[in-house]
Amino acid sequence: MRILISKLGENIGKEVEIWGWVYRQRVTKNASFLIVRDSTGIVQVVFKGESDAENTSIESSVKIRGIVKEDKRAPTGIEVEGKSIEIVHKAERFPITKDQSTEFLLDVRHLWVRSQRMNRILKIRDLSLRYFRDFFYKNNFWEVHPPIITKTGAEGGSTLFGFDYFGDEAYLSQTGQLYLEALIYVLERVYSITPSFRAEKSKTKKHLAEFWHLEAEMAWFSNEDNMKLQERMITYVAQNLAENHAPLLSNFTDVNRLKKIKYPFERMKYDEAVEELHKKGFEIKWGDDFGTPHEKALTEELEKPLFVYDWPKEAKAFYMKEDPTNPRIVKCSDLLAPEGHGEIIGGSERIWEIDKLMKRIKEEGLKEDNYKWYIDLRRFGSVPHSGFGLGTERFLKWILNLEHIRDAIPFPRTINRVYP
Ligand code: 4AD
Ligand code: MG
């Protein structure tokens, strides 16, 4: 019977069958050594004397019969004594070898995803999303599915991907937010996990053209409630990852680093953040948005995430609610990850009064016709509400301390790459 590599430890002394792929191969005069991988792990199989193990190649698919042995020297404490091997498919010469350039590895991404590194990242990505969903479920949210093809931008025209939609102009969604706002009138608390698209001209280590957006929208929530929910959510996911998946995570990070991610998070008003940046020698003006260097400077010394809240209206999107005590400020927050990673969440309270919303749509020069339905939401039982969006890959880049955001997604889309 086939046994998964992760379960070999429960089968010491038994004859088992392993199905997988050849990860490393070494043939000597007296024996062949194969490291075999399946989705669950890797193990060394030793074939003494002559055998078909000599005729395999890296990444060949194989079925092996052998006896499971304890071996203190092996990294997993286990080795298999090979008895027979069936080569299911003999791989051609595998193009990935040691010391290849980043560009080359991106060209063969469809093969590079088989690496142990990507295997682990993909698992942690899946686990993280399970914990996010779990958190929402426990807090009475419903998962919903906004459209990806839209007529409305929400995060600025410059990063919209437009295309021809049966003779009409449409866009790939930048955010599901406006549709989540419609759905709070049905379900009160909703979230979605969807691809979002940004035609980002910037070539940075944290921008993708296609990313997975985790968004939530809540009826009756102020931005204060919104921030509290965000910090509890991040804490829940980080603590569950640290507690339940330490061996997997330890390939990337000290797990104690994750155990420190506990609410309450740090907080700073935009005004204070600007002051802090001036002290650090930045020439930023009140009203400017922050760039990567600013976010880095604000967070590189921190261990916990930092909320920067109450931003100038001109730096933020049209739908954000004015501070009733200061019309130049909107009730919103960016959550910046520590150690220089920067923004992972953008959130705000939304304008829920029709006249104020129409005024902002006009001020921003948006086509009112395309937003008619969104304005309509303010005509029928409008309520105060708030929400946020988290970039899944930004979250993973921070949690795993990845050098570049592209490693948080199997097939990254960036300004100069849509292949493979
Ligand atoms: O701050 P953003 O633009 O906010 C919104 O889209 C809101 N409508 C969300 C909401 O309130 N429902 O984007 C939210 C998050 C960012 O904080 C960042 O983590 C991620 O989405 N993000 C990107 N991630 C990777 N590559 C990009 N180009 C990204 N742009 C935004
Ligand atoms: Mg933002």
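Our subject is the structure listed above.
Residues numbered from 1 in each chain as written. Chains lettered and ligands numbered in written order. Predicted model: local features only at pLDDT ≥ 70, side-chain atom pairs only at ≥ 80, totals over all residues. Heavy atoms only, no water.

### What to know about empty space enclosed by the protein
Our working rule: The pocket and cavity definitions rest on a 1 Å grid over protein atoms only: a 1.4 Å probe that fits but cannot leave marks a cavity, an open set with protein on both sides within 12 Å along at least five of seven lines marks a pocket, and residues lining either have an atom within 4 Å of a point. Grid points are joined across faces, edges and corners, and a volume is the space filled by probe spheres set on the points. Each residue gets one label: Ala, Val, Leu, Ile, Met, Phe, Trp, Tyr, Cys and Pro are nonpolar, Asp, Glu, Lys and Arg are charged, and the others, such as Gly, are polar.
Under the definition given, this model contains 1 cavity of 30 Å³ or more. Lining the largest cavity we find Thr-150, Thr-152, Gly-153, Ala-154, Ser-173, Gln-174, Thr-175, Leu-178 and Tyr-179. For the lining of the largest cavity, the class distribution of residues is 3 nonpolar, 6 polar and no charged.

### Focus on the nonpolar core
Keep this limit in mind: To define a nonpolar core, start from buried Ala, Val, Leu, Ile, Met, Phe, Trp, Tyr and Cys residues and group those joined through side-chain atoms within 4.5 Å. Relative accessible area decides the class of each residue, using a 1.4 Å probe on protein chains only: under 20% of the type maximum gives buried, over 50% gives exposed, and in between gives partly exposed. In what follows, a contact means two residues having at least one pair of non-hydrogen atoms within 4.5 Å.
Counting residues in hydrophobic clusters, the biggest one holds 47 residues, and the most contacted among them are Phe-132, Phe-136, Leu-214, Met-233, Ile-234, Phe-388 and Phe-395. Setting aside chain neighbours within four positions, we find Phe-395 in contact with Ser-128, Phe-132, Ile-234, Val-237, Ile-344 and Leu-390. By size, the runner-up hydrophobic cluster in this structure holds 29 residues, among which are Leu-277, Val-330, Ile-351 and Tyr-374.

### Re helix H5 (residues 223-244)
Note the cut-off: Only DSSP runs of H or I covering at least 4 residues are called helices, and only runs of E covering at least 2 are called strands; the numbering of each starts at the N terminus. Here, expected helix span is obtained from the residue count minus one, scaled by 1.5 Å.
Here H5 is 22 residues long and its end C-alpha atoms lie 31 Å apart, about the 32 Å a rise of 1.5 Å per residue gives. Most of H5 is tucked away: 16 of the 22 residues are buried.

### Section: helix H3 (residues 116-138)
Over its 23 residues, H3 runs 33 Å from end to end, which matches the ideal 33 Å to within 8%, given 1.5 Å per residue. In the segment just after H3, Asn-140 is the residue with positive phi, at about 65°.

### Thoughts on the environment of Met-233
Note on placement: Met-233 falls in helix H5. Sequence separation between Met-233 and Arg-133 is 100 residues; the distance between their C-alpha atoms is 9.9 Å.

### Concerning the site of ligand 1
Test applied: Put simply, a residue is near a molecule or strand once any heavy atom of it comes within 4 Å of that molecule or strand. The definition of a polar contact used here is a pair of N or O atoms within 3.5 Å, where within protein one atom must be able to donate a hydrogen and the other to accept one, and adjacent residues in sequence count solely through side-chain atom pairs. Each accessible area is a Shrake-Rupley estimate made with a 1.4 Å probe; only the visible protein chains count as cover when residues are assessed.
Near ligand 1 you find 23 residues, and of these Glu-155, Gln-177, Glu-215, Glu-343 and Ile-344 are the closest. Separating an oxygen atom of ligand 1 from a backbone N or O atom of Gly-346 is a distance of 3.4 Å. A distance of 3.3 Å separates a nitrogen atom of ligand 1 from a polar atom in the backbone of Phe-388. In the complex, the protein chains occlude 94% of the 630 Å² of accessible area that ligand 1 would expose alone. The set of elements that each furnish at least two residues to the shell around ligand 1 consists of strand E11 (210-219), strand E16 (342-349) and strand E17 (385-391).

### Focus: the sheet that holds strand E4 (residues 61-70)
Rules: When DSSP finds two or more bridges between two strands, those strands count as paired. Interaxial angles span 0 to 180 degrees and are taken between N-to-C directions of axes, which are lines fitted to C-alpha atoms, for helices over the stretch in contact.
The strand order E1-E2-E3-E5-E4 describes a closed barrel built from 5 strands, whose pairing is mixed. Here the strands of the sheet are splayed against their neighbours by 55° on average, with no regard to which way each runs. Of the pairings in the sheet, the one linking strand E1 (residues 15-27) to strand E2 (residues 31-38) comprises 6 bridges and is antiparallel in character. Residue pairing in the sheet places Val-22 in a bridge with Val-36 of E2.

### Focus on a nonpolar patch on the surface
What counts, and what does not: In this scheme, patches are assembled from residues that exceed 30% relative accessible area and form no salt bridge. Like charges are connected within 9 Å, while nonpolar side chains (Val, Leu, Ile, Met, Phe, Trp, Tyr) are connected within 5 Å. What counts as a salt bridge is simple: a side-chain nitrogen of Lys or Arg found within 4 Å of a carboxyl oxygen of Asp or Glu.
Among the surface-exposed residues, Ile-149, Tyr-165 and Phe-166 lie close enough to one another that they form a single nonpolar patch of about 360 Å² accessible area. Summarising the element assignment, Ile-149 is placed in strand E7 (residues 149-150).

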